[in-house]
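Each chain, letter by letter, is given below.
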Amino acid sequence: MPDNSIGMGAGSGSSLPLEAAPARTAGRFKAFYRKFRKQRLAFAAACFIILLLLVAILGPFLTPYNPDTPNYDALMQGPSAHHWAGTDEYGRDIMSRLIDGTRLSLAVSLSAVFIAAVLGTILGLLSGYYGGWLDRLIMRGSDVLFSFPDLLLAIGIVAILGPGLSNVVIAVAVFGTPSFARIIRSVTLSVKETLFVEATRSMGAKDSRIIWRHIFPETVSSIIVNVSMRIGGAILAAASLSFLGMGAKTTEPDWGAMLSMGRDYLSIAPHIVYFPGLTIFLAVLAFNIFGDGLRDALDPKIKN
Amino acid sequence: MKAKRKSWLAFMLLVIVAVVAAGCGNSNNEAKNSGSASPSPSAGASASAGAGAKDGKGITIAINTNIITLDPHNASDTHSISAARTMYEGLLGFDENMNLVPVLATEYKISDDGLVYTFTLRDNVKFQDGTDFNAEAVKANIARIQDEKNNLRLRRSFAKVAKVEAPDAKTVVFTLSEPYNAFLNKVAMAGMISPKALTESGADIAKKPVGTGPFKLKDWTQGDSLVVEKNADYWQQGFPKVESVTFRSVPENGSRIAMLKTGEADFIYPLPTEQASEVEGKDGISVIKTDSTIVRYVTLNTMKKPFDDVKVRQAINYAINKEAYIKVVKSGLGVKLDSTMSSKTQYYSQQTGYDYDLEKAKQLLADAGYPNGFSAEIWGENDSETIKGMQFIQQQLALVGIKLDVKSMEGGTLSDQINAAKTPEEAKIQMWYVSWSPSSGDADGATRGLFSSEMFPPAGSNTAYYKNASVDQWIADANKATDAEKAKAIYADIQKTIWNDAPWAFMGVDQIISGSRSTLEGVKVFPDGSINVLNAQVK
């Protein structure tokens, strides 16, 4: 691709000011990728996450059995060539249910974190940029939410809204919002004082333009890192709520609900809880390692 | 960051534990008599656990649902009845085969026309508040049961009592308005409350029980535990042989069995059927199996669409594979229900039909105008086995297009939901997966409360809102029958008619599976599922 190499060259040489912006982004990404690729564990985690996403999207085509069809002749069978993860108390294939449940778990956690990120970023930008009473209001509000243990807050919200996966999304989003608000506020505070923002303001740019065009782009890397760090927690929180019977219905192939229904058979058929537990563990671990890796790769202070 | 996240994960675990404990905590606060309740809920739990058999003083029994009331005249669920019977006794009682035995009465005579019952009362029996048990006390109790204002569960059992007389302190004479076949069984259901306590406590008597029984109330934390302690002045010399009995509500199968294994509980009922073979004989645990009078079924609200159509109700019966139900939900410990009552109940008559037949079920649904099925709600309690049963039914009915929404509720909430409807029109109930055992041990107890049109909630347990004029008439006729053969013939008609009308999805008959530490003797689960602790003894 000759075009590409020219573009890159131009970016690094910065001889053509007009092309500087896109080329700088490309260069940044390349540098990021180089840094990220060096962290083997984080890279492996990223591959696992991509696999999870594929499973979530292609789920219905991958399941070896219908996840909801019971087979009363094959109750609580251990792992075998036919059923890789065994069968549950109704003879349903656990592997198929885990695959089907991937979509549920990822949808819940991703949407919850996305909502939290959007709300938190808006609040953080406003709070950091305007300061004053608005800042105090938003930050004290965040403090109030921070003062509750995350899961307890989520349980409280679900108790008010009633059980169900959509309410779990709201609950997890609410306890995720203040952390975004706080991080974005701190970035905003430092970017606000920089020379280029002052220059823009002196040219008469409106507040909204300064916030969205100049400050917001500087916060993106923090948002990405925080998003990736919080997804693991969100999966865990959603599974915990389902386990407590406040999330998915017991009939849904949700990982937490599977754990919850299977715990009666812990002593006679441990595979019924072992595999959902393992899946939750791996998914949360992958997102956390991935988040760590992203942070290290995006932080300009860390050299390698 | 990493350290923080680790501690956050640990914290999350803590929170889960805290929430579970907080659940108990709430009910702790609600308890009226929390005089001996510990300041923190977890400490409370371990305190009652400490009362295990090891110290040779008290025993702990873990049961699967909450005790709802301690009022012996108003208890309708088996565990409440068991709990009330530790503190209350009737004129008569039951032995382990559901035969009647004398308790507070030493003997009784029935007149030839079946109308006059004369009981001779036991001497030297005192209520736990020190007052005498005598004929006047019996009169006061029957008056309370019969008072319409009190609206007690037992009221209809005593509706045919025209008058109660006390010619002397040791004799009570009941005169009935018409013969009543099951009267003695009903008398055995009426625990005697101290008239003094009745006047003093009024409606609160359900929380402050005062009877003649072997145990008296120590502490009742609703939703968590009931502790009863030895009644030192009990009239049967040498009983009870344990200092106290703690009933703990542990809905979760896994926890209950873990409590038995660790010795935190000395006796659990029910023992999760799927684990019966696994724990038998291990770790000093013995598994006790008893054939029962407990039937499991789903009531179908016959006054609500689409269940008002008999074809729909029959279709549901054809669509459920009962053999698979016994295998999956009951782990093979039970038999399918082939009548309205278990074969252990008086006047049982076997029915045939409703063998698993998907095609027939679909055909019946199509005939009824639901070729593609419909959606409905099924209610049940929130213990593991009930949820499993409901999920099984959901899976089975899905095959004929009936989409069920499984709603599991805590016992008290469920009971409120059902009894909130004062008329059949107000009732929201569609399907209810539940069990019934006639605690009075007779065919009337297994029929009238469930199928008589007088017994719509809240008066009784006819949650199918089943109304059939002939069945109503037969129930009345059977009660009047003084001849056993005649009663048997009438009950055969009743069972056949109800079977064909299918106000229930007929599911199964339980085998009672309980687990006991081998150091404990004498705790028995009767065929009706009630727990008897009078003979409890720690070796």
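None of the values given here were measured: they were computed from a predicted structure.

(A) Just the overall build of chain B, in detail. Each helix and strand in chain B was counted, giving 16 helices and 21 strands. Considering only intrachain contacts with a sequence separation of at least 6, the fraction spanning at least 24 residues in chain B is 69%.

(B) Geometry of the sheet that holds strand E7 (residues 171-176) of chain B. Residues and elements named next belong to chain B. Judged by pairing direction, the sheet is antiparallel, and its 4 strands sit side by side in the order E4-E5-E7-E6 without closing on themselves. Looking at the sheet topology across the chains shown, the edges are occupied by strand E4 (105-110) and strand E6 (161-168). Across the sheet, the axes of successive neighbouring strands diverge by a mean angle of 20°, strand direction being ignored. The sheet contact formed by strand E5 (residues 116-121) and E7 spans 5 bridges and is antiparallel. The partner of Val116 across the bridge, within E7, is Thr175. Across the sheet, helix H4 (residues 135-146) lies against E5, E6 and E7, angled at about 165° from E6, the strand it touches most.

(C) Quick look at the interface of chain B and chain A. Tallying the contact residues gives 22 residues for chain B and 20 residues for chain A. When residues of the side of chain B that touches chain A are traced back to their parent elements, those giving at least two are helix H1 (2-30), helix H7 (253-262), helix H10 (322-328) and helix H12 (384-398) of chain B. Classifying every residue of the side of chain B that touches chain A by side-chain character gives 10 nonpolar, 7 polar and 5 charged.

(D) Focus on the pairing of strand E15 (residues 403-409) of chain B. Residues and elements named next belong to chain B. Only one face of E15 is buried, namely the one carrying Leu404, Val406 and Ser408, since none of Lys403, Asp405, Lys407 and Met409 on the opposite face is buried. The sheet contact formed by strand E14 (residues 375-381) and E15 spans 7 bridges and is parallel. Residue pairing across strands places Glu377 opposite Asp405, the latter belonging to E15. A crossover links E14 with its parallel partner E15, the connecting element being H12, and its sense is right-handed.

(E) The arrangement of the UniProt feature "domain: ABC transmembrane type-1" (unreviewed entry) in chain A in detail. Here the UniProt-annotated "domain: ABC transmembrane type-1" (unreviewed entry) positions come out as residues 102-291 of chain A. From the first C-alpha to the last, residues 102-291 of chain A spans 19 Å; its make-up is 84% helix and 0% strand.

(F) Focus on the packing of helix H4 (residues 94-130) of chain A against helix H5 (residues 132-147) of chain A. All names here are of chain A. Running from N to C, H4 and H5 cross one another at 140°; their axes reach a closest spacing of 7 Å. One element, H4, and the other, H5, form an angle in the oblique class. Where H4 crosses over H5, the handedness of that crossing is left-handed. Contacts from Leu123, Leu126, Ser127 and Tyr130 of H4 reach H5 at Gly132, Leu134, Asp135, Ile138 and Met139. Tallied by class, residues from the contact of H4 with H5 come to 6 nonpolar, 2 polar and 1 charged.

(G) Main features of unusual backbone geometry. All names here are of chain B. The omega torsion of the bond from Phe239 to Pro240 falls at -15°, within 30 degrees of zero and hence cis. The topology assignment puts Pro240 in the loop between strand E9 (225-230) and strand E10 (244-249). Each neighbour pair has its own omega, and for Tyr269 with Pro270 the value is -5°, a cis peptide bond. Phi is positive for Tyr347, which is not a glycine, with a value near 65°. You can see Tyr347 is positioned in the loop between strand E13 (334-336) and helix H11 (358-367). C-beta crowding within 10 Å serves as the criterion here: with 21 such atoms nearby, Tyr347 is assigned to the buried category.

(H) Local environment of the UniProt feature "transmembrane region" (unreviewed entry) in chain A. Residue and element names in this part refer to chain A. Using the residue numbers shown here, the UniProt feature "transmembrane region" (unreviewed entry) corresponds to residues 41-62, 104-130, 151-175, 223-244 and 265-290. What you have in residues 41-62 is 100% helix and 0% strand, and the ends, taken at the C-alpha atoms, are 27 Å apart. For the annotated span residues 265-290, helix accounts for 77% and strand for 0% of the residues, and the straight-line distance between the end C-alpha atoms is 34 Å.

Calculation criteria
- Residues numbered from 1 in each chain as written.
- Chains lettered and ligands numbered in written order.
- Predicted model: local features only at pLDDT ≥ 70, side-chain atom pairs only at ≥ 80, totals over all residues.
- Helix = DSSP H or I, 4+ residues; strand = E, 2+ residues; numbered from the N terminus.
- Contact = placed C-beta atoms within 7 Å.
- Pairing = 2+ DSSP bridges.
- Axes fitted to C-alpha atoms, helices over the stretch in contact; angles between N-to-C directions.
- Nonpolar A, V, L, I, M, F, W, Y, C, P; charged D, E, K, R; others polar.
- Buried ≥ 20, exposed ≤ 12 C-beta atoms within 10 Å, placed from the backbone.
- Right-handed = clockwise from strand over helix to strand, strands pointing away.
- UniProt positions renumbered as here; feature names shortened; annotations may be inferred.
- Parallel < 35°, antiparallel > 145°, perpendicular 65-115°, else oblique.
- Left-handed = near helix turned anticlockwise from the far one by under 90°.

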